[in-house]
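# Structure assessment
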Amino acid sequence: MIKNSLVSAIIVVKNGERYLQNAIESILNQTYSNYEIIVIDGSSTDNTPKIAQSYPQIRYFLQNNHGIANAYNQGIEVAKGELIAFLSHDDTWTPDKLETQVIYMSEHPEIEYTVAKVNFFLEPGHSPPSGFRTELLEGEHIGKIMETLVVRKTLFEKIGKLNPEFTVAEDVDWFARANDAQIPMAVMPKVLLNKRVHDTNLSLNSQQNTQNLLKLIRNSIQRKRQLS
């Protein structure tokens, strides 16, 4: 694998006009230049389509199903890159995000995916979502989440895409499957994602995520039994 591999950067969005431009610009400002941007729009009724389609670099698609997992999967299916990355419409990457992870994966071909550290910050005028661990707003944290992920597209063929049964925590389920399959991975020891915290961010609502915890544990136990 060469260091100039094409990266498909996937943004999943619905009614994200307030933050979408900042997310897109953080991709366009990357020090790594060989990427495509894919926007999967869940039938937004605000200016999201206009904003996304104002950038000639963006491949824009209306979502053909429901739920965030299906939106991610649609982006994966249309992606042209050897490597795939994800960004929420209300978050931003640091300028060296793709360069850091792509170079590492080029130098370590055995590594199937990488994640990185995250800086959580509270959006002015907003309260943290119900159940959010406010201690995350202090310091840097390793984030096994979609927005830090850079993954070889072939890995989705090995362990599957995102599971639409999970309305939240679909990323937790995917990382659990990768872990149970003992997929080689690495953590970049630096902050590569700025994650916005606000009271409309469902993915940060730990009470909702907890509802899926028993299902995740049960599925993981079944996978380990099959491997043993």
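Analysis parameters
Think of each chain on its own: its residues are numbered from 1, step by step along the sequence as written. The predicted nature of this model means local features are confined to residues of pLDDT at least 70 and side-chain atom pairs, given and counted, to a pLDDT of 80 or more, with totals for whole chains, interfaces and linings taken over all residues. Heavy atoms from the whole structure form the basis of all side-chain values; hydrogens and water molecules are not counted. Secondary structure elements are taken from DSSP: a helix is a run of H or I of four residues or more, a strand is a run of E of two residues or more, and numbering for both begins at the N terminus. Residue contacts are counted whenever heavy atoms from the two residues lie within 4.5 Å of one another. Computed by Shrake-Rupley with a 1.4 Å probe, the accessible areas treat only the displayed protein chains as cover when residues are assessed. Any two of the Phe, Tyr and Trp rings considered here, Trp counted by its six-membered ring, make a pair once their centres fall within 6.5 Å; the pair's planes then place it as stacked at under 30 degrees, edge-to-face at over 60, or tilted in between. Three labels apply to residues, based on accessible area from a 1.4 Å probe with only protein chains included: buried if under 20% of the type maximum, exposed if over 50%, partly exposed otherwise in between. In plain words, nonpolar cores are sets of buried Ala, Val, Leu, Ile, Met, Phe, Trp, Tyr and Cys residues tied together by side-chain atoms within 4.5 Å. Polar contacts here mean pairs of N or O atoms no more than 3.5 Å apart (in protein, one a potential hydrogen donor and the other a potential acceptor; neighbouring residues in sequence count only if both atoms are side-chain atoms). For this document, the term salt bridge refers to a Lys or Arg side-chain nitrogen within 4 Å of an Asp or Glu carboxyl oxygen.

Along its length, the protein chain carries 8 helices and 9 strands. Across the protein chain, the fraction of contacts at a sequence separation of at least 24, relative to all contacts at a separation of at least 6, is 78%. Carbon and sulfur atoms make up 50% of the accessible area of the protein chain, which totals about 10,900 Å².

A few words on the packing of aromatic side chains. The final tally for this structure, using the stated rule, is 5 aromatic pairs. Measuring from ring centre to ring centre gives 5.3 Å for Tyr72 and Phe86, while their planes differ by 85°; the resulting arrangement is edge-to-face. One end of the pair, Tyr72, is in helix H3 (residues 68-78); the other, Phe86, is in strand E4 (residues 83-88), with 14 residues separating them in the sequence. No difference in accessibility class separates Tyr72 from Phe86, as the two residues are buried. For the ring pair Trp174 and Phe175, a centre distance of 5.3 Å and an interplane angle of 80° mean the geometry is edge-to-face. Each residue in the set Tyr113, Phe156, Trp174 and Phe175 is aromatic and connected to the rest through ring pairs, giving one cluster.

This next bit is on the nonpolar core. Val7, Ile11, Ile27, Leu87, Trp93 and Leu98 are the most contacted members of the largest nonpolar core, which has 29 residues in total. Residue assignment for this core shows that the elements contributing at least two residues are strand E1 (7-13), helix H1 (20-28), strand E2 (35-41), helix H2 (48-53), E4, helix H4 (97-107), strand E6 (113-122) and strand E9 (185-197).

This part covers H3. Within H3, 8 of the 11 residues are buried, which leaves the element mostly enclosed by the surrounding structure. The complete set of buried residues in H3 reads Ala69, Asn70, Ala71, Tyr72, Asn73, Gln74, Gly75 and Ile76. Check the buried side of H3 and you find it contacts E1, E2, strand E3 (58-62), E4, helix H5 (153-159) and helix H6 (170-180).

One can find Glu170 in helix H6. A relative accessible area of 6% means that Glu170 is categorised as buried. Note: C-alpha distance between Glu170 and Ile68 (102 residues apart in sequence) is 8.2 Å.

Here Glu17 lies in the loop between E1 and H1. Measuring from C-alpha to C-alpha, the distance between Glu17 and Ser44 comes to 9.1 Å, with 27 residues separating the pair along the chain. Polar contacts involving the side chain of Glu17 include one to the main-chain amide nitrogen of Asn47, which spans 3.0 Å.

Below, the discussion takes up the pattern of salt bridges. In total, this model carries 7 salt bridges according to the counting rule given. One salt bridge in this structure joins Lys117 and Glu140, with 3.7 Å as the shortest N-O distance. Separated by 23 residues along the polypeptide, Lys117 in strand E6 and Glu140 in the loop between E6 and strand E7 (141-143) bring together distant segments of the chain. Judged by relative accessible area, Lys117 falls into the partly exposed class, the value being 23%.

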